[in-house]
Amino acid sequence: MNPVRPPLKFVSSNRRVREDRRFVAGQGRYVADIALEGLLHVALVPSQHPAARIVSINSIEAMKMPGVHYALTGEELARATDPLMNGLDTPHVRRFPLAVGQVRYAGEWVVAVVAESRAQAEDAAEKVRIEYEPLPYVIDSEAAFDPSSPPVHPAHGSNVLLDRTFVWGEVEKHFTESPRHLSFRVVWGRSSTVPIETFGVAAKWDPWREILDVWASIQMPKYPDQIARALRIPANNVRVHQDVDVGGSYGVKRGIKQTVIASHLARTLGRPVRLIEDRLDNMRAGDAHGPERIFDVDVAFNDDGIVKSMKMRALDNVGAYAGRSPFQLGKPIGAIVGPYKIESVQYRAVSVTSNKAAQEAVRGFGQAPTNYAIETAIDKVAAAVGLDRIEIRRRNFIRSDEFPYLIPSGTHYDSGDYHTVVAKVLAHADYEGLKRQRDGLRAAGQCAGIGIAACLEPSGGNSSFEPLLNEKNTTTTWMDSCRITVDGLGFVTATIHTTSAGQGHETLAATVIGEVLEIDPDLVRIVRPDTLNSLPSNSPVGSRMAIMLGGAAFHAAQKLKAKMVRLAAHQFGCSEQDVVYAGGSISNTALAKKLAWGEHVNIAHRNFHLLPDGMEPGLEVTHVMQVPTGTALPRDGRVQMYPCHSFEFHLVLIAFDPQIGKPTIRRYVIGHDCGTVINPHIVKGMTLGGIAHGIGAALLEEFVYDGEGQMLTQSFMDYLLPSSHEMPEVEIVHHCTPSPFTVFGQKGSGESGYLGSPAAISSAINDAVAPLGISFSKLPIRIAAISDAIASAQNPQSEAET
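All values derive from a computational prediction rather than experimental measurement. Position numbers for residues start from 1 in each chain and track the written sequence from start to end. Totals for whole chains, interfaces and linings use every residue, but because this is a predicted model, local features are given only for residues with pLDDT of at least 70 and side-chain atom pairs only at 80 or more, for both listing and counting. Note that water and hydrogens are dropped before the side-chain values are worked out from all heavy atoms of the structure.

A. Up close: the overall build of the protein chain. A count of helices and strands for the protein chain gives 21 helices and 29 strands. When we talk radius of gyration, it's over C-alpha atoms, and the globule rule is simply 2.2 Å times the number of residues to the 0.38. A globule of 802 residues ought to have a C-alpha radius of gyration of about 28 Å, and the protein chain, at 28 Å, matches this closely. Summarising its shape, the C-alpha atoms of the protein chain cover approximately 95 × 75 × 50 Å along the three principal directions. Exposed residues in this analysis have more than 50% of their type's maximum accessible area, buried residues have under 20%, and partly exposed residues fall in between, with area computed by a 1.4 Å probe over protein chains only. Of all 802 residues assigned to the protein chain, the portion counted as buried reaches 61%. Here, residues are in contact when the closest pair of their heavy atoms is within 4.5 Å. Put simply, of all contacts in the protein chain between residues at least 6 apart along the chain, 80% involve residues at least 24 apart. Charged residues are defined narrowly, with Lys and Arg counted positive, Asp and Glu counted negative, and His plus the chain ends left uncounted. In plain terms, the charge of a residue is placed at NZ if it is Lys, CZ if Arg, CG if Asp and CD if Glu. Between the centroid of the 78 positive side chains of the protein chain and the centroid of its 87 negative side chains there is a distance of 3 Å. Numbering of helices and strands runs from the N terminus; a helix is a DSSP stretch of H or I covering at least four residues, while a strand is a stretch of E covering at least two.

Dropping the structure here:
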């Protein structure tokens, strides 16, 4: 695929994001805005136990409450539905939307109460009485991995869902030959993306037409298919309305269990039903929880700091159910060496269940924790050989003349110029001056440190990690689509076939179509048909929409242009090579003939007798696009993962008072290369949001459980989010290395910022406390942990006595 070469008129220009206008004016249309006649509301009854057998459920008093219509139990729902799908081949790890027979984590939904209002449903839910018989439970990851631990799913036989070791290259040989080794452990705490809007769904069943209408705040591939499977109805009986705005997601708007509950109730009661999580529902039992991962890493390197080989064990605590979460260990395989020339890798991926809330997809799908482990390794190698952390990266980076570059796990990186991006950031930030500023803060009694992280953002998401971890899955198709129609008056309408959670898909599609057709993008109407009228789409996951939706829109527009060229050439009586398309008109200078846009439209829609033989009337085209490079199944444990790889380099200065331990980010510079930028405002917004998310993961956010299996962080009083006080002014340094696999050279940027910021912040804090001889190896690094560690280092005798 050859990139379109500049000059470009609309792509990369600072055009407004067309969606912003309605959001700023308060005119978004969310699930809570869907007003259906006769709408009923759901409240959920949670378990108070981390593990217990359900002895009995008594809903008699709840049903006597005003406005109450129904109390649905897991047993009843399980009789009418099939278990939710698992990604791995784990048939005995069964999951239903409501607990069946036993509960497996504190907060798991047991009963759904339906009433005329949410308030009435909540009041009635408090009247439901459930008798439990407590069972043994396991919370800790290492304990869950132990074969003697109480199994979360006894029928499965253990808590291990996945334990697979990949060896790419001559790992043992390289370790034997390398003069230096080091080993360490780092821990990534369980956190989330915390969208403003929790998950919501409204469902309405039409028994006469046998249609289930669904409005939901989703970001989930194959969503209608999964609903249909679970409800045991044909897929063409499910109509999901995709013109609903989604109030943030980045992976956590899966919504299958919520939708099955609401849909079953709508069919049972003959009235539309809405389930909108409150924040407590969402945080303790929704789809909010992300990876909770322990990394044990060994690296082999020489005296010059060149890293030859790496061994990594990643132990992931996925909570009570499997779902797609074990695949978050698979996606990082496509960038398992980061931007470095590490020749061989041993990677052991372990996924265990525990009596915590189920883990779901979170921004980056496991890549940010892996980047944190890799960057920690590079910092430790620098310290071991006495090199500056910038220099150690320069020595290990893949060079720009080595692309496309094949990494040990089988993926080709498409393009990059890492050395240049780093050089631009250092020049912009005045790195030597930054070091002097750090040293000045230290001299004034502050703890101050510089953080560094270089990482990749694999983009253009496909499904290749699924068959890699589950051989029964043979999926290689991971597509997206666009349809363009020019109506009888000459106006252009394009369809896109997924929901959007603020990524600017309408702006993206209109910009690309306007670029190809050479018309103002603001004149292109973008609509989202329901799923019964949609072309295939795999939703906005894996930083894929600039590549996939942008590519599909590009190719559809090219098809439309080609049809217009053929039509004009037929009118002129010449070959298609003799005409020129410009600004929507087509001309033949030699013949002094020109066909304007409106004349094209008139002929295509009204003058069939003027059409070339075999041409259909009208102006409508479609294009369904497969992921570039996504053509084959894994082989021998190696696979071509995502097609494109954006690069980001973070440089951070942090300082804090040693007694208080509250980090303040004094300077934040990021170098960013996502190829050709389609809309600079969107990319900037993604990057700033990603950095804010990363600050939370590094310093504040964590779902914490106590030893009794109870989640302690059930509100924003305890689960802390970064605010404007913690968010620094971010300086973005741009660079462009076009991808050879995309139409404009664009790469993904939906996960930018987040994939490197936790590693950079950890690096800065560890640099700040290095003079004290201490370090931190677990995220988030909380204020109390910092101040306590410093106090212990400064007063070891006092600490020992304490």
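B. Region of the structure containing unusual backbone geometry. Here the amide bond leading from Phe-403 into Pro-404 is cis, since omega sits at -5°, within 30 degrees of zero. Considering the arrangement of structural elements, one finds Pro-404 in the loop between α11 (389-396) and β16 (405-406). The step from Leu-779 to Pro-780 runs through a cis peptide bond, and the omega angle for that step is 0°. Tracing the backbone through its elements, the reader meets Pro-780 in the loop between β29 (778-779) and α20 (783-794).

C. Here's a closer look at the nonpolar core. Counting residues in hydrophobic clusters, the biggest one holds 109 residues, and the most contacted among them are Tyr-347, Tyr-413, Phe-649 and Leu-651. Of all the elements, helix α10 (residues 367-385) adds the most residues to this core, at nine residues. In this view, Phe-649 contacts Ile-390, Arg-393, Val-421, Val-422, Val-425, Leu-426, Ile-452, Ala-453, Ala-454, Val-669, Ile-670 and Gly-671; residues no more than four positions away in its chain are not counted. Residues belong to one nonpolar core when they are buried, are Ala, Val, Leu, Ile, Met, Phe, Trp, Tyr or Cys, and are joined through side-chain atoms within 4.5 Å.

D. Layout of the pattern of salt bridges. Criterion for a salt bridge: a side-chain nitrogen of Lys or Arg within 4 Å of a carboxyl oxygen of Asp or Glu. The tally for this structure, following the rule as stated, stands at 50 salt bridges. Between Asp-89 and Lys-472 there is a salt bridge; the shortest N-O distance is 3.0 Å. Of this pair, Asp-89 sits in the loop between α3 (74-80) and β4 (102-103) while Lys-472 sits in the loop between α14 (465-469) and β19 (479-486); the two residues are 383 residues apart in sequence, bridging distant segments of the chain. The salt bridge partner of Asp-388 is Lys-435, with a shortest N-O separation of 3.9 Å.

Just geometry here; none of it tells us what the structure is for.
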